[in-house]
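Residue strings, one per chain:
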Amino acid sequence: MEREAPFDKGSACDSSQGGRAPLAVRSHHLTNFDADCAWQAACAPVRFPLRAGKSHTYDKNVFPSREKALHKTPSAPSLHANPGATPGDRIPARQVALVGFGTVGRAVAKILCERSNLSLQLSHICNRNVELKKQSWVLNNVVWTEDFHTILNSEADIVVELIGGLTPAEDLVRSALSAGKSVVTANKQLIARHGPELLQLASLHGCQLEFGASVAGGVPVLPALRTGLCGDRLHGIAGILNGTCNYILSRIESARVPFSEALEEAQACGYAEADASEDLDGGDARAKLSILALAGLQVRVSPADIRARTIRTIDAIDFDYAAELGCTIRQISRADLKETALFAEVGPSLVPTSSPFGRVQRNLNLVSTSGKYSGDVAFLGAGAGGDPTAVAVVSDLMFIAENLASGPRPHRPLQLASPKVSCDFETPWYLRLVVKDQPGIIASIAAILSAHQLNIDAVLQKPGFDKNTLPFVMTLEPCRDAQLHPALQEISALPFALRPCLCLPILR
């Protein structure tokens, strides 16, 4: 899991900056995007052309197992008024049961307890070892429990699931929806794998499932897809979705340190777990891309069907060569819907340094959408952290409360496409080879590329390297992924090749 924390570009571990509000700036030209001025911008969608946590710290509780089924008869809607409400209030206070009292859960509870003007009333907190979790600032009428059945049998209207993982979270969410209780969750793995069927279950029982905090928690991209952009026909989504990877790549870029050193810094500063494989190898980002494709492109795609490439192979020399091409390197998640095929992948890519992707530093997230009518819209902000994620959760709660006030929701079958998923993008390519220098290297490689109908665009070689481990770069004109990789296998088998060729797409 990625770990998110504030990062000052003057110091690897300086946390004095604190969290930042989601950024939103309007512009119709890429050159108008100014990262420094953008920090002062108002909160609205960013528009410009784009081509192509400590993660949420949840308590991973294990609730008491029961042999009996969790499913209960739906309880009657709550009519309890918010403290201080008058009989003339249109929207009654909706009771909210919170499952999981970790970093995000505590932040959600604080907002609900401090903002008495919300049409929401915290009624239950469910967590393992609740006696050790109790806080004096929680209202006295809140019920603390270790048993989820207490919530199922209560008059709570909305259940907030913040324990993370698939077990027991999936059973808890299914049980709540089956009991007619709406659910808010920040659980990206759950939504990525079971989102479509859980949405269908919610619709069947006349309730709602909202998951705005499951992707880029501090950036309101999922609510924007649900409301602000729902009138468009989106065909593309791309983003920097993992703060851990962005932090590591930013550090390699700014300090020219080896990958291993940048990873150690990230772990020391709390950005990465001791085992950061889920972040480094793309598992976290592709789960988020699956959710964005569900919400924005209206397609059903399993994370396992999205190719993920690791950032472990990136080193300082790659940023030197990328700079000569006017680019930098970022982990990019992208999905393009074309007729009956979804082209999707996650991995390190070259992006122009002047582009929005190239300017994203530290542990920030950027999500861009491309639509038939609205063009390109992007959202930049903190991707995780207790307070930003809690704001997303409470916003989902308020959205549900407003909809509950309008009466029962009719059942509507979920309309999702199931396109063929492919990683066969057509782009220019960056190839970095490490060889033992000898005559005829370029000629041998060029012959293989020519045999596969691939055209060389440029050859770059920096002086000063050991001739026994010489890195150099070739860039190729646009070609398909499937066309390139057979050639790379042949090149890697050449006698002078010391390691497999690093191959990165160049996104212009």
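Draft legend 1. View of a nonpolar patch on the surface. A contiguous nonpolar patch, built from I442, I456 and V459 and spanning about 210 Å² of accessible area, is present on the exposed surface. Following the sequence through the fold, I442 ends up in helix α15 (residues 441–451).

Draft legend 2. Examining the packing of helix α5 (residues 169–178) against helix α6 (residues 188–204) more closely. The geometry of α5 relative to α6 is characterised by a closest axis approach of 10 Å and an angle of 15 degrees between their N-to-C directions. Of the possible angle classes, the one that applies to α5 and α6 is roughly parallel. Every pair of crossing elements has a handedness; the one defined by α5 and α6 is right-handed. Only L190, H194, E197, L198, L201 and A202 of α6 make contact with α5, whose side of the interface consists of A169, E170, V173, R174, L177 and S178. Considered class by class, the residues forming the contact of α5 with α6 number seven nonpolar, two polar and three charged.

Draft legend 3. Quick peek at the nonpolar core. The biggest cluster of nonpolar side chains holds 56 residues, and the ones touching the most others in it are V99, F148, L177, L222, L225, L292 and L297. The element that contributes the greatest number of residues to this core is helix α11 (residues 283–297), accounting for nine residues. Apart from residues lying up to four places away in sequence, L292 is in contact with V215, V221, L222, L225, I237, L241, L297 and V367.

Draft legend 4. Structural detail: the pairing of strand β7 (residues 234–240). In terms of residue burial, β7 counts as a mostly covered element, since six of its seven residues are buried. Here six bridges tie β7 to strand β11 (residues 364–371), and the two strands are oriented antiparallel to one another. Pairing of G236 across the sheet is with S370, part of β11. In terms of strand pairing, β7 meets strand β9 (residues 327–338) through four bridges, oriented antiparallel. If you follow G239 over to β9, its bridge partner there is S333.

Draft legend 5. The pairing of strand β17 (residues 502–505), seen in detail. Side-chain alternation along β17 places L502 and L504 on one buried face and C503 and P505 on a second face that is also buried. Note that strand β14 (residues 426–435) and β17 share four bridges and pair antiparallel. Each bridged residue has a counterpart across the sheet, and for R432 the counterpart in β17 is L502.

Draft legend 6. Up close: the sheet that holds strand β1 (residues 94–99). Strands sit in the order β3-β2-β1-β4-β5-β6 across an open sheet of six strands; the sheet is parallel. The open sheet is flanked by β3 (143–145) and β6 (209–210), the only strands paired with a single partner. Pairing analysis gives four bridges linking strand β4 (residues 158–161) to strand β5 (residues 182–185), with the strands arranged parallel. When the bridges of β5 are listed, E161 appears paired with T185. Against the sheet, helix α14 (residues 386–404) engages β1, β2 (120–126), β4, β5 and β6, with an angle of about 165 degrees to β5.

Draft legend 7. Geometry of the environment of E265. Topologically, E265 is positioned in helix α9 (residues 259–268). The exposure class assigned to E265 is buried, which follows from its relative accessible area of 16%.

Draft legend 8. Representation of the layout of surface pockets. Volume-wise, the largest pocket comes out at about 1100 Å³. For the largest pocket, the lining is made up of 35 residues, of which L199, R226, Q298, R409 and L414 are closest to its centre. Of all the elements in the fold, those that place two or more residues in the lining of the largest pocket are α6, β6, α7 (221–228), α11 and α14. Here the lining of the largest pocket is composed, by residue class, of 19 nonpolar, nine polar and seven charged. Volume-wise, the second largest pocket comes out at about 520 Å³. Lining of the second largest pocket is provided by 27 residues; of these, T313, R432, P500, C501 and L502 occupy positions nearest its centre. Listing elements by their share of the lining of the second largest pocket, those giving two or more residues are β14, α16 (481–492) and β17. The dominant element in the lining of the second largest pocket, judged by the number of residues it contributes, is α16, at five residues. Of the residues in the lining of the second largest pocket, the class split is 14 nonpolar, six polar and seven charged.

Draft legend 9. Quick look at the pattern of salt bridges. The final tally for this structure, using the stated rule, is 20 salt bridges. For R94, the salt bridge is made with D157, and the minimal N-O distance between the two is 4.0 Å. With a gap of 63 residues between them, R94 in strand β1 and D157 in the loop between α4 (148–152) and β4 connect regions that are remote in the sequence. For R94, a relative accessible area of 7% gives the class buried. The salt bridge involving D424 is made with R480; its shortest N-O contact spans 2.9 Å. Here R480 lies in strand β16 (residues 470–480) and D424 lies in the loop between β13 (420–422) and β14, a separation of 56 residues in the sequence. With a relative accessible area of 19%, D424 lands in the buried category. Here R480 falls in the partly exposed class, since its relative accessible area comes to 36%.

Draft legend 10. Region of interest: α16. With twelve residues, α16 extends 16 Å from end C-alpha to end C-alpha; this agrees with the ideal 16 Å at 1.5 Å per step. Buried-residue contacts for α16 involve β8 (307–308), β14, α15, β16 and β17.

Rules and cut-offs
- Residues numbered from 1 in each chain as written.
- Predicted model: local features only at pLDDT ≥ 70, side-chain atom pairs only at ≥ 80, totals over all residues.
- Heavy atoms only, no water.
- Patch = residues over 30% accessible without salt bridge, like charges linked within 9 Å, V, L, I, M, F, W, Y side chains within 5 Å.
- Areas by Shrake-Rupley, 256 points an atom, 1.4 Å probe, with all protein chains shown as cover.
- Salt bridge = Lys/Arg side-chain N within 4 Å of Asp/Glu carboxyl O.
- Helix = DSSP H or I, 4+ residues; strand = E, 2+ residues; numbered from the N terminus.
- Axes fitted to C-alpha atoms, helices over the stretch in contact; angles between N-to-C directions.
- Parallel < 35°, antiparallel > 145°, perpendicular 65-115°, else oblique.
- Left-handed = near helix turned anticlockwise from the far one by under 90°.
- Contact = heavy atoms within 4.5 Å.
- Nonpolar A, V, L, I, M, F, W, Y, C, P; charged D, E, K, R; others polar.
- Core = buried A, V, L, I, M, F, W, Y, C linked by side-chain atoms within 4.5 Å.
- Buried < 20%, exposed > 50% of the residue type's maximum accessible area, 1.4 Å probe, protein only.
- Pairing = 2+ DSSP bridges.
- 1 Å grid on protein atoms, 1.4 Å probe; cavity = no way out; pocket = protein on both sides within 12 Å on 5 of 7 lines; lining within 4 Å.
- Points joined across faces, edges and corners; volume = space filled by probe spheres on them.
- Expected span 1.5 Å × (residues − 1).

Nothing here speaks to function; it is geometry throughout.
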